[in-house]
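Listed here are the chains, written in short residue letters.
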Amino acid sequence: MHDFGATPDAALAARLDPVIDHALAERRIVGLVTLVARGGALVYRRAAGAADREARRPVQFHDIFRYASLTKPIVSVTALALVESGRLSLDDPVTKWLPDFRPRLPDGREPAILIRHLLTHTSGLSYGLLEPPDGPYHRAKVSDGMDQPGLSFDENLRRLASVPLLFEPGTRWNYSLSLDVLGRIIEVAGGASLPAMVERHVTALLGMRDTGFVVRDPSRLVTPYADATPQPVRMSDPHLLPFFEGAISFSPSRALEPRSYPSGGGGMVGTAEDYLVFLETLRRGGAPLLRRETVDKMTSCAAAESQTLRGPGWCFGLASSVLTDPAAANTPQGAGTWSWGGVYGSHWFVDPPNETTVVVLTNTAIAGMIGPFPDAVRDAVYGR
């Protein structure tokens, strides 16, 4: 585990093992890797269930998962590294770097979208997965970054710019393709592809050898499953899964297709170990990725409106949600915890006051990201 010392916590295992066993026995989750670090030491480590149920292949610690929105913090850190070096400014308009990306408001006005609006999801953009099947993103065939293998960056941005903005940038929060737009800006500002920029500014610095936009070792890639009754079903390609008002379109083969544009919001793959290294680096202050003051800004409220996907007690920073009121959120996590998840079935959180970092990667969408299982994992970590 990189440079982590291992200090197994028997009491934690006695609480957390039954949660995992129950989820597997109830067939809510097919397979997973769970890691818990406390005070910089690994106190819990478990791989359980099936990486491929039909092939009877068990999950291994080194298995590779589709990160989905776990991609966002990595790309955000890459952008903030460019801000620190003076290559980007949070107040740069998007059109400085992408002159042709000019979405308009419904009344025809063309507002200025800033880099900070992209990082905080206050750009006025949205996701097709949040709208009904006949919504404007679907009509324009905009990709959410997890489907349409082989689609180019420029074509998806052209489609996205053709759809009216939901609101004046900076006035509201709405989860969106903002990080995909930011990914293209990183390419232009950095003079290299997004995968190369992420490698240069994050993964190579931390030895995250299994993290990237295309799977290097397909034999270690877990098979994805989608929620269904009586048990999750093996995903087809493409696969539609209901989500809020709309549906998520998955194309699992995208992770194996190098011609697919590198989605800054959902296109990366990697291991649980790599992601824990990334989060722990930020928790410890950010070096060698970022300066501590940048991490502090990244993990503080940047969007004034509480972001609705997490409910009361949470705001949004420059990379993830941030806990402002544990009582309102009904959580045992400490104030200042930052957290997010990925729709392929994963979630994580960092609790700086309690020096605790948790990474849970599953191959089961979306039960591994939101709902009874993640809540039970969280409560077991704190003994609630």
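The structure this text deals with has already been given above.
Residues numbered from 1 in each chain as written. Predicted model: local features only at pLDDT ≥ 70, side-chain atom pairs only at ≥ 80, totals over all residues. Heavy atoms only, no water.

K.L.:
Is there a simple way to think about the nonpolar core in this case?
P.N.:
What tends to happen in soluble globular proteins is that the nonpolar side chains get buried as a cluster. Ranked by size, the top nonpolar core spans 94 residues in total, and within it F101, V181 and F278 carry the most contacts. Contact partners of F278, with chain neighbours within four places excluded, come to P73, I74, V77, V202, L206, M208 and L289. Ranked by size, the runner-up nonpolar core spans 19 residues in total, among them A23, I29, V43 and V358. (Core = buried A, V, L, I, M, F, W, Y, C linked by side-chain atoms within 4.5 Å. Buried < 20%, exposed > 50% of the residue type's maximum accessible area, 1.4 Å probe, protein only. Contact = heavy atoms within 4.5 Å.)

K.L.:
Hey, could you run me through the sheet that holds strand 6 (residues 225-226) in this one?
P.N.:
Sheets are built from strands that pair by backbone hydrogen bonding, the pairs being arranged parallel or antiparallel. Spatially, the 3 strands line up as an open sheet ordered 7-6-16, and their pairing is mixed. Sheet topology places strand 7 (233-234) and strand 16 (364-365) at the edges, where each strand pairs with a single neighbour. (Pairing = 2+ DSSP bridges. Helix = DSSP H or I, 4+ residues; strand = E, 2+ residues; numbered from the N terminus.)

K.L.:
I'm lost on unusual backbone geometry in this one. Help?
P.N.:
Residues other than glycine predominantly adopt negative phi, and peptide bonds predominantly adopt the trans conformation. Note that the residue after D237, namely P238, is joined by a cis bond; omega there is 5 degrees. Turning to its location among the elements, P238 is positioned in the loop between strand 7 and strand 8 (239-243). Each neighbour pair has its own omega, and for A365 with I366 the value is 0 degrees, a cis peptide bond. Structurally, I366 can be placed in the loop between strand 16 and helix 12 (372-382). If you check the backbone angles, N330 has positive phi at about 55 degrees while not being a glycine. Its place among the elements puts N330 in the loop between helix 11 (326-329) and strand 13 (338-342).

K.L.:
I'm lost on the state of the cysteines in this one. Help?
P.N.:
In protein chemistry, a disulfide is the covalent bond that joins the sulfur atoms of two cysteines. The final tally for this structure, using the stated rule, is 1 disulfide. With its sulfur 1.9 Å from that of its partner, C301 forms a disulfide with C315. The sign of the S-S torsion, about -90 degrees, decides the handedness of the disulfide formed by C301 and C315: left-handed. Highlighted residues: C301 in the loop between helix 10 (292-298) and strand 11 (314-316) and C315 in strand 11, separated in sequence by 14 residues. (Disulfide = S-S within 2.5 Å.)

K.L.:
So what exactly am I meant to see when it comes to helix 6 (residues 153-161) here?
P.N.:
F153, N156, L157, R159, L160 and A161 are the residues of helix 6 that are buried. Here the buried face of helix 6 lies against helix 5 (136-139) and helix 7 (178-190).

K.L.:
Could you clarify how one ought to interpret the packing of aromatic side chains in this entry?
P.N.:
Each aromatic ring pair is specified by the distance between its two centres and by the angle formed by the two planes. The tally for this structure, following the rule as stated, stands at 12 aromatic pairs. Both rings, one in Y67 and one in Y275, keep their centres 5.1 Å apart while their planes meet at 70 degrees; by these two values the pair is edge-to-face. Placement of the pair is Y67 in the loop between strand 5 (65-66) and helix 2 (71-84) and Y275 in helix 9 (residues 272-283), with a sequence separation of 208 residues. By relative accessible area, which is 1% here, Y67 ends up buried. Since its relative accessible area comes to 0%, Y275 is described here as buried. Their ring planes at 55 degrees and their centres at 5.5 Å tell us that Y275 and F278 sit as a pair that is tilted. (Phe/Tyr/Trp six-rings, centres within 6.5 Å; stacked < 30°, edge-to-face > 60°.)

K.L.:
Which parts of the structure should I look at to understand the pattern of salt bridges?
P.N.:
Note on pairing: side chains with opposite charge can pair once their charged atoms come close. Summed over all chains, the structure comprises 27 salt bridges. Notably, a salt bridge pairs D217 with R220, separated by 4.0 Å at the nearest N-O pair. Assessed through its relative accessible area of 15%, R220 is described here as buried. With a shortest N-O distance of 3.0 Å, R259 and E257 are connected by a salt bridge. By sharing partners, the salt bridges in this structure join D52, R53, E54 and R234 into a single network. (Salt bridge = Lys/Arg side-chain N within 4 Å of Asp/Glu carboxyl O.)

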